[in-house]
Amino acid sequence: MSHNDEKKDRRRQKSVMGSYNYYKMFGCFNRKFKISDLGPPRDVIDIFNLYTKGESEMSPDNFLRFLVEFQREEGTTIDDVERIMERVLNMSRSHLTRYVFTVNDFFHYLMMDDVNEPIKTQVHHDMTAPLQHYFIYTGHNSYLTGNQLSSDSSEVPIIKALERGVRAIELDIWPNNAKDNIHVLHGRTLTTPVTLHKCLKSIKEHAFVKSPYPVIITLEDHLTPSLQAKVAEMVTSTFGDMLYYPKESDKDAFPSPDALKHQIILSTKPPKEYLQSKNAGKERSLVDKDSSSDELEDRRSNSDPDDDDGRCTVSDRYCANEVRNNTNTSTRTTQSLSEILGYDDLDDDDDVEDEKSGHKKDLEYKHLIAIHASKPKNGTRKALRDEYRKAKRLSLSEQALQRAANLYAVDIVRFTQKYILRVFPKGTRVTSTNFRPLTAWMHGAQMVAFNMQGYGRSLWMMHGMFRSNGACGYVRKPDFLMNTGPKGEVFDPKAPLPVKKTLKVKVYMGDGWRLDFSQTHFDAFSPPDFYTKLYMAGVAADVAKKRTKVIGDDWTPVWNEEFTFQLRVPELALLKIVVQEYDVDKDDFAGQTCLPVSELRPGIRVVPLHNKKGEKFKSVKLLMRFLFV
């Protein structure tokens, strides 16, 4: 928000103090509701008095002491303090004569989300470790504008994802109808294509708008060798010096995000593996010998407790029926619905035509692939235990990961200490919902691939995790996921854990709804009745839900309620905050955010809220306090 906008906000807030809202009842008479004055909570007044020793003004020295002692902002200098005070005071005074805060100035500072934000906003993790040491902000079918079966493919969702900080973009590449060019689309569905050239050009132009750290393009490749050679030409000509060429040393260890700044990395299966698997695929069943029960269960699963809504939606079934009804009208829907929905495109080797003349052409393409990918051909556990694997990235469905976590969790953790694990949504999520990512993160999975075009509680968690580390798209994994004991033992996600930290959260008040919403948005006959819900997401033992009381008929609710959360794995805990407006029939959504607990700044902080899609409201915010015990 600009300085002018902040001044306007303060003038608007002053203009409504002591004024009223009028609501028309039955079209014939008005109900009058007094608008509450926006003033500091009791705790804020008490803290102001504590640091001013009861005086009416706070000096720079007093303010510095508050920041260092109460807010734990070590390293703050008197120059920093004067810059903050000057900015706050310029909002309310025509000219500044000296640096002193009244209690209202102090309160105004606490409500400024660009100087008193709840989490750290700069990159502060060590960025010099190999790539597998980081969680990576990853998209799934990044080109789709809507559902997985009939929406348009476009470069626009790719641009939006990159501007949000997503660092891994997935493109499904297929021959066009003439088989002389490359399209990006979700194969064998009714999705419309977009050209690969458009997607690559958009990635080049927007890759580093939000973050300087590397962008990984994961290619789901369904091309002939001659078209793969064309991809190599397009990629090299589009990205030029931005493209990362794998080095001999990469065989031993991945480079670090810091070493790969402003570089584009390709990840897919090498062409040779495609050609070999084509022949092998004709001789094997769809279900691998060593993982038949796992894979069969993947295909049978039509619902999952980790759905955003807890079940396979009506929309999912409708979209599936639409594809079934249209399978005879499109060359891209020739397979059965179970094949479309049952497994990831990475398994689709049989589409590759054997062009012997293309063997030399694919050499350049193969040499551009910096992160070789594979699937668990002989069962998930064997793939996780393969210490001499050539491929550095393994892909698992959400169901395969969940079963592996139940049966051999330690193998997953050990695998992710050396290699990259990508987890993708099950095929039945045709409306582009997502699964809960905590299980994957708890086992060290670096690339949890999400549909970014929708919304839902799972996507809010993804947004929350990657607000960490300055929202740069790379989050250093906790040490316990990378450490190895003297006998080679690694972290066991199933082992019982002691409480490591206790977090106390106090919800003081909320403001901004009357500036961002119409007077009758929540209720046609009276001001809204707001309450706040707090969810702690994390390992099973850390999960908790709390809620405030409902404050009736008030656009500026004051709760002053404190809640306590005991945490065993605070490094992976996420605090979800949702404000709702109470209604007899169905409560209305009034804002949300999700904050990584490991990044929370202690003290009194202002917490901006977002809409369902994760876009920040202009004015809506909560004043809260965070205290670690």
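Residues numbered from 1 in each chain as written. Predicted model: local features only at pLDDT ≥ 70, side-chain atom pairs only at ≥ 80, totals over all residues. Heavy atoms only, no water.

### Observations concerning unusual backbone geometry
- Non-glycine residue Lys53 carries a positive phi angle of around 55 degrees.
- Positionally, Lys53 belongs in the loop between helix 2 (42-52) and helix 3 (60-70). (Helix = DSSP H or I, 4+ residues; strand = E, 2+ residues; numbered from the N terminus.)

### A word on the pattern of salt bridges
- In total, this model carries 22 salt bridges according to the counting rule given.
- With a shortest N-O distance of 3.0 Å, Lys506 and Asp43 are connected by a salt bridge. Placement of the pair is Lys506 in strand 14 (residues 501-511) and Asp43 in helix 2, with a sequence separation of 463 residues.
- Across the salt bridge formed by Glu205 and Lys201, the nearest N and O atoms sit 2.8 Å from each other. (Salt bridge = Lys/Arg side-chain N within 4 Å of Asp/Glu carboxyl O.)

### Thoughts on the side chain of His443
- Structurally, His443 is set in the loop between helix 16 (438-442) and strand 12 (447-450).
- Given a relative accessible area of 5%, His443 falls into the buried group.
- Contact partners of His443, with chain neighbours within four places excluded, come to Ala405, Ala409, Ile412, Val413, Thr416, Leu481 and Pro493. (Buried < 20%, exposed > 50% of the residue type's maximum accessible area, 1.4 Å probe, protein only. Contact = heavy atoms within 4.5 Å.)

### Focus on the packing of aromatic side chains
- Under the defined criterion, the tally for this structure stands at 21 aromatic pairs.
- Judged by centre distance (5.1 Å) and plane angle (40 degrees), the ring pair of Phe415 and Tyr419 falls under tilted. The same class applies to Phe415 as to Tyr419, namely buried.
- An aromatic cluster of at least three residues, connected via ring pairs, comprises Phe48, Tyr51, Phe63, Phe66, Phe70, Phe101, Phe106 and Tyr109.
- Above the plane of the ring of Phe628 lies Lys501, whose end atom (NZ or CZ) is 5.0 Å from the centre.
- Across the ring face of Phe565, the terminal group of Lys546 is positioned such that the distance to the ring centre comes to 5.7 Å. (Phe/Tyr/Trp six-rings, centres within 6.5 Å; stacked < 30°, edge-to-face > 60°. Lys NZ or Arg CZ within 6 Å of the ring centre and 35° of its normal.)

### Points about the packing of helix 6 (residues 156-164) against helix 7 (residues 196-206)
- Their axes nearest at 9 Å, the elements helix 6 and helix 7 cross at an angle of 20 degrees. Considering the angle they form, helix 6 stands roughly parallel to helix 7. Every pair of crossing elements has a handedness; the one defined by helix 6 and helix 7 is right-handed. For the pair helix 6 and helix 7, the contacting residues are Ile158, Ile159, Leu162 and Glu163 in the first and Cys199, Ser202, Ile203 and His206 in the second.
- Here the contact of helix 6 with helix 7 is composed, by residue class, of five nonpolar, two polar and one charged. (Axes fitted to C-alpha atoms, helices over the stretch in contact; angles between N-to-C directions. Parallel < 35°, antiparallel > 145°, perpendicular 65-115°, else oblique. Left-handed = near helix turned anticlockwise from the far one by under 90°. Nonpolar A, V, L, I, M, F, W, Y, C, P; charged D, E, K, R; others polar.)

Such coordinate-based values are descriptive only and should not be taken to indicate function.
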